[in-house]
Amino acid sequence: MSSFIERRATTAAALIALLAAGLAGTGVARAEDVPAKGGTLIYATDREPTCLDPHVDGDMPQVFVAQQYTDSLVSQDKDGRIGPWLAKDWTISDDGKVYTFHLRDDVTFTNGEKFNAAAVKANLDHIINPATQSSTAGGYIQQYLKTETPDEHTAVVYLKKPYAAFLEVLAQGFLGIEAPSALARGRDENCQSPVGSGPFKVVKWDRKSEIVFERNPDYKWAPPTAKHQGPAYLDRLVWKIIPEPSVRFASLAGGNVDVIESIPPEAEEGAAKDGNLTLLIKDRPGNPTNSALNTRRAPFDDIRVREAFVRSADIQGALDSVFFGRYQRAPGPLSAVTPFASPDFQAHYDYDPDRANKLLDEAGWSERNANGYRIKDGKTLTVEVLIGDFQGPAERSLWEQIQATAAETGFEVKLQNLGFSEWLDRMGKWQYDAVGEYWNTNTADVLRIVFSSEFLGAAGSGGYHQNATGFSNPAFDEVVNKALETTEEGKRRALYLDAQKIIASNYLQVLTFPQSTRLGIYKTAQGVRLEPSLSVPVLYDAWVRK
Amino acid sequence: MTIPLSTSTFAQSRRLPKVSLPPVGASLAMLFLIVLIAASIWPDLFATSNPLKIAPRLAFRPPGLGHPFGTDQSGRDIYSRVIYGAGQSLLLGVGAVAVSMALAIPLGLIGGLGGRLAERFIGWVLDVLFSFPTLILALLFAAHLGGGIGPLIVATGVGNAPGYGRMIFGQTLSVRRAGYIEAARMLGHSPLRIIWRQILPNVMRPLIVMVTMGIGQAIVWSSALSFLGLGAQPPAAEWGTMLAMGRDFVSRAWWLTVFPGLFIVLTTLSTTVVGRYLQRCLEGRTS
Amino acid sequence: MSAPAGRSLQINRLWPLGWLICRRLLSGALVLLASATVTFFALRLTPGDPVRAVLGGPTANPTPETVARAIAEFGLDRPLPVQYLLHIGRLLRGDLGTSFSQHQQVSAVIAEQIGPTLWLTGSAVAVAWLLSTLSVLATARRGWALSAVGSAAETMAAALPQFWLGLVLLAVFAFGLRWFPPQSDGGFLGMVLPTLALAVPLAGFLAQVTRESFELALDQPFILSARMRGLGEGAVRWRHGLRHAALPGISLSAWAIGSLIGNAVLVEVIFSRPGLGRVLYQAVSVQDMPLTIGVTLVVTLVYVVASLAVDLLYILVDPRLKAKRT
């Protein structure tokens, strides 16, 4: 997988884990490779969560924090396979609507409460309760009906309809399991001081400044994907909020912090050469960063114009210049680390200005005006692109370059920079030709959320819709819904291959780069890794040497 | 952003900082402003390339031959962008001051001349608005109006208006109570004639200074809003926007931030110096 | 708040101090009410959707029930005038409400964030006064060249935009020379750069004002008599000149504090510092109405209190008033 770049640190971590497991005490391993107990790791993030409970709202910063203090019902390995965690094993009914989980009986939350079937019920009920305002976790389990608890350690979950992606989404930190008594305190209090059963516990949150975690000394239920068992190595974990990219990177380069998230692209090249630093970079599963083309209005209601636009954009050239050659373009509608992603469709998105010109001529946009833009019936071939202020300067520069290459083919690309609420407003009213989006999730079911007609309607106030392309295709809907009724792996793979083919051949998105987690690590920190479900950093196996 | 209301607040104590700069400073400042105005009218005369034209292969060139101020992350020539930005920035400065004045002059005059009730009420309204920190007022308006140059002018103008309003209000009150107005009244001149011939000119004269200095301050304010992402939108060649785009690269390419910033400083400095010089000339004439 | 030199002096002489304070507090309350009103309408009349903005960011998938619940919880389903009256009613009872976006009481957000901002602006005002006093004492009326250099430096400093100065200081002293930590995390060293970024332009401005009245003061007869009594130049400047010269500067300090808190937005963003400014900036961008109003009220309150304090300070420093009392 070419875009799957795990650099020095992970290989080192894997090696070290092997050494630690196999050779511990033999004295063969070098001192610096043996995990050291104790100490504080300082982690700096760019975005502060608005709530530490990942069930509420559900934005990426929340899952990063939740991964440190919660455990999930099931785990996911790097091949996308589901394994045990808090649930030892499970059975699925033939109709795909009843999941029976057999739970571990030795797990306690950090407030002393026992983990049991009632806790599973409390968590799923909490997620689905509208008062929780759970848009991500709640959105993923809309099929949830109820949980029954026949005994202390058996939880039977009933779904309204078959949902083969259920286990996959359960592996995401967004659905991490929290202590029922903590959830019962009410949303806002639980946001401030949530309680999980994970390797760390949240002790303090100074907003706009830092979140402090301490080791959970009783932890002995790490998932099979972990590199060790027992309590975490670190005594403390300090999660600093440093939004400015240059400040965050300078803090890392000066050794003021041990790990930073979202290493700025302009600093990556230098960091790779810096002997004090390592990079840990991994794509996230889901629908890559893209601009959805609005098929509901001209000019993109014409598939030829859509294809021409996709092929007129020199994405790799733009990525190379904006990200200094450190980003690869997306391989298709699913990023490479998504289960069932196929690399076969990248060619649909190749830069091909000759074909673009030909298609536009065919579609009737054959004349050009004085500026070189194509015209038809007196109208200019204009593409309005919404750029939200949350998209950051790099993505904006990327679009400036796409604007420039598309202009050569005769598209007049208008970049419209908007604040978040204005962006949502335009989005809700379908007033755009292209709009930037991405979707991080560990299941190919993301295709249904982003492209099926089920998600065309107003999911939120103001008409916001997850399917930003306006694509409505009964054949596609049937394929993705059938995939949800199928638990057999080979059949699911075939169905999702069909789904990707339909999407790619309809030219619905200009794909740019896969979302990724990009960490910079100072030499003082070892053993940091990224889990596979959303490429979230796991500091359970990490240690520091200062 | 320094002290936008500086002049206005201070004017109420009827004195302004005295000029102790040599005339050479004033001449240099005027020269700079003239060049700036020329650049904004005929940018092509000065610029060496298209300010919006990207050239990815030329990204992050340090200052040198061909690109005196270097190039930015998309390979655009920063010198040309600064030149084209002059027009935008002057437009912002002049526009914002015009908006401020359009609000402040009627308020101040009505408050100063409209009788007791108007005096009380407008004095209070101006107090309220003045106690809103300018940037917060502008922030609210910018968020309300959305991005772009037009909203930025309005937001900056509205943000600064209370300061000017208070200044004009105070000036009107003090002129109205001045001896020569009494004298004119005793001579039997009509109130309108007094307002037109006596009060307005005496209120407006110090305004020339305020306006000159205010333009520089308004440029700083609007660039602060652009810097926060609320004003002119990239890739517009506006100095504050250029600064905001450049700040992520500050350790890799200092020239992205230094040159637009330097021009903001020089413009503000020049308008201050020229304003003070004008003030000295006016004071010399009136006293 | 009102005319620094003229009116407050008059007031202070004519009315007892208590009356002054009462009057100012009353007008302060009206100012607060008005500022809440302006903020409310500026924010609520802005197009956009505060609910979606807080429900999990751009890639979230809330059910219609969840969205409806959020709308009802924030009270956004009621007519605008009703929302306004309800909010003002709550404010009058001392309840700032709950932030849409932070899942926290507005009062709790402010209590957490006001410390760093006050600390920053307070130290910036102090440093600005120190710098401007030094500059005036050292260069005013010290011969043409020195005076011109001082004056030019002050003009220059006053023309520096704080955000640009902050960036340059950061790039040179934190990223380049590494004398200071890039992020100011509460320690003394971390305070230096943000304080300077706010203080230097303010110092330039205060110095310009002080210099002018200082030079005026030096021309006064009592300076001459002090000199004739054999007082040294330093003592004359310090004890007599500066006391008179400080007056306009002091009365501008209230305005300066208010303005600094506004400008703290920029400095807090650049230096990634916690504080009210950053909170306000985020609150405005997601249309978090209760939080924006809460922060605006606090900033306005600081300004109202500061200007009252300055009026009182004025009485202490003004030698004429002092002479009258003793």
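These numbers were taken from a predicted model, which means no experiment stands behind them.

Parameters at a glance
Residues numbered from 1 in each chain as written. Chains lettered and ligands numbered in written order. Predicted model: local features only at pLDDT ≥ 70, side-chain atom pairs only at ≥ 80, totals over all residues. Heavy atoms only, no water. Patch = residues over 30% accessible without salt bridge, like charges linked within 9 Å, V, L, I, M, F, W, Y side chains within 5 Å. Areas by Shrake-Rupley, 256 points an atom, 1.4 Å probe, with all protein chains shown as cover. Salt bridge = Lys/Arg side-chain N within 4 Å of Asp/Glu carboxyl O. Helix = DSSP H or I, 4+ residues; strand = E, 2+ residues; numbered from the N terminus. Buried < 20%, exposed > 50% of the residue type's maximum accessible area, 1.4 Å probe, protein only. Axes fitted to C-alpha atoms, helices over the stretch in contact; angles between N-to-C directions. Left-handed = near helix turned anticlockwise from the far one by under 90°. Contact = heavy atoms within 4.5 Å. Nonpolar A, V, L, I, M, F, W, Y, C, P; charged D, E, K, R; others polar. Domains from an automatic or database assignment. Buried area = accessible area lost by both parts, 1.4 Å probe. Polar contact = N/O pair within 3.5 Å; in protein donor to acceptor, adjacent residues only side chain to side chain. UniProt positions renumbered as here; feature names shortened; annotations may be inferred. Pairing = 2+ DSSP bridges.

1. Some words on a nonpolar patch on the surface
A surface patch of nonpolar side chains, amounting to about 370 Å² of accessible area, comprises Val24, Leu28, Leu31 and Val35 of chain B. Topologically, valine 35 of chain B is positioned in helix H2 (residues 23-41).

2. Concerning the pattern of salt bridges
Residue and element names in this part refer to chain A. Tallied over the full model, the rule gives 36 salt bridges over all chains. Note that arginine 426 and glutamate 384 form a salt bridge whose closest N and O atoms lie 3.2 Å from each other. Note that arginine 426 is positioned in helix H14 (residues 420-428) and glutamate 384 in strand S17 (residues 382-388), a separation of 42 residues in sequence. Under the relative-accessibility criterion, glutamate 384 is labelled partly exposed at 22%. One connected set of salt bridges, linked through shared partners, spans Arg297, Glu384, Arg426 and Asp433.

3. Digging into the packing of helix H9 (residues 191-227) of chain B against helix H10 (residues 239-246) of chain B
Each pair of packed helices can be described by the angle between their axes along with the distance between the axes. Residues and elements named next belong to chain B. At a minimum axis separation of 7 Å, H9 and H10 run at an interaxial angle of 40 degrees. Crossing hand, H9 versus H10: right-handed. Here Ile219, Ser223, Ser226 and Phe227 of H9 come into contact with H10, specifically with Trp239, Gly240, Thr241, Leu243 and Ala244. Tallied by class, the residues present in the contact of H9 with H10 amount to 5 nonpolar, 4 polar and no charged.

4. Considering helix H8 (residues 245-253) of chain A
A turn of α-helix holds 3.6 residues, and therefore any two residues three or four places apart point the same way. Of all 9 residues in H8 of chain A, 9 are buried; the element is thus mostly enclosed. Count one or two residues on from H8 of chain A and you reach glycine 255 of chain A, which has phi positive near 75 degrees.

5. Focus on the domain arrangement of chain A
The figure often quoted for interface size is the accessible area lost as the parts come together. All names here are of chain A. As far as domains go, chain A holds domain 1 (40-283 + 517-544) and domain 2 (286-514). A straight line from the C-alpha centre of domain 1 to that of domain 2 covers 30 Å. Between domain 1 and domain 2, the residue contacts involve 25 residues of the former and 24 residues of the latter. A buried area of about 2,100 Å², summed over both sides, lies between domain 1 and domain 2, and 53% of it is on carbon and sulfur atoms. Area buried by domain 1 at its contact with domain 2 is led by Ala164, Pro265 and Asp283, which between them contribute 24% of it. Across the domain 1-domain 2 interface, the total number found is 2 salt bridges. Among the ionic pairs, glutamate 168 bridges to arginine 492, the shortest N-O distance being 3.3 Å. Put simply, domain 1 and domain 2 have 14 residue pairs in polar contact (both at pLDDT 80 or more) between them.

6. Description of the domain arrangement of chain C
Residues and elements named next belong to chain C. Taken as a whole, chain C is organised into domain 1 (21-95) and domain 2 (105-324). The gap between the C-alpha centroids of domain 1 and domain 2 is 33 Å. On the domain 2 side, the residues contacting the 21 residues of domain 1 number 17 residues. The junction of domain 1 with domain 2 conceals about 1,600 Å² of combined surface from both sides, 74% of it contributed by carbon and sulfur atoms. Three residues, Arg24, Leu32 and Leu43, lead the burial of domain 1 against domain 2; their summed loss comes to 35% of the area buried on that side. On the surface where domain 1 and domain 2 come into contact, there are 0 salt bridges. By residue number, the principal contributor to the side of domain 1 that touches domain 2 is helix H2 (residues 17-44), which donates 12 residues.

7. Quick notes on the interface of chain A and chain C
Between chain A and chain C, the contact holds 50 residues from the first and 48 residues from the second. Interface area for chain A against chain C, summed over the two sides, is near 4,200 Å², with a carbon-plus-sulfur share of 54%. Ranking the residues of chain A by area buried against chain C places Gln133, Arg207 and Lys208 of chain A at the top, with a combined share of 17%. Along the contact surface separating chain A from chain C lie 0 salt bridges. Where chain A packs against chain C, one counts 8 residue pairs in polar contact (both at pLDDT 80 or more). Of all the elements in the fold, those that place two or more residues in the side of chain A that touches chain C are helix H7 (187-192), strand S10 (236-241), H8, H14 and strand S19 (434-440) of chain A. Partitioning the side of chain A that touches chain C into residue classes produces 22 nonpolar, 19 polar and 9 charged.

8. Let's talk about the UniProt feature "transmembrane region" (unreviewed entry) in chain C
Taken from the UniProt record, the annotation "transmembrane region" (unreviewed entry) applies to residues 21-43, 118-138, 159-180, 186-207, 245-271 and 291-317 of chain C. Secondary structure within residues 118-138 of chain C divides into 100% helix and 0% strand; the distance between the first and last C-alpha atoms comes to 30 Å.

9. Some remarks on the sheet that holds strand S13 (residues 286-293) of chain A
Residues and elements named next belong to chain A. The strand order S18-S17-S19-S13-S20 describes an open sheet built from 5 strands, whose pairing is mixed. What marks the edges here is a single partner per strand, and that holds for strand S18 (412-418) and strand S20 (509-511). Put simply, the sheet's adjacent strands are angled 35 degrees from each other on average, direction ignored. The pairing of S17 with S19 spans 2 bridges and is parallel. By the bridge assignment, valine 385 is partnered in S19 with alanine 434.

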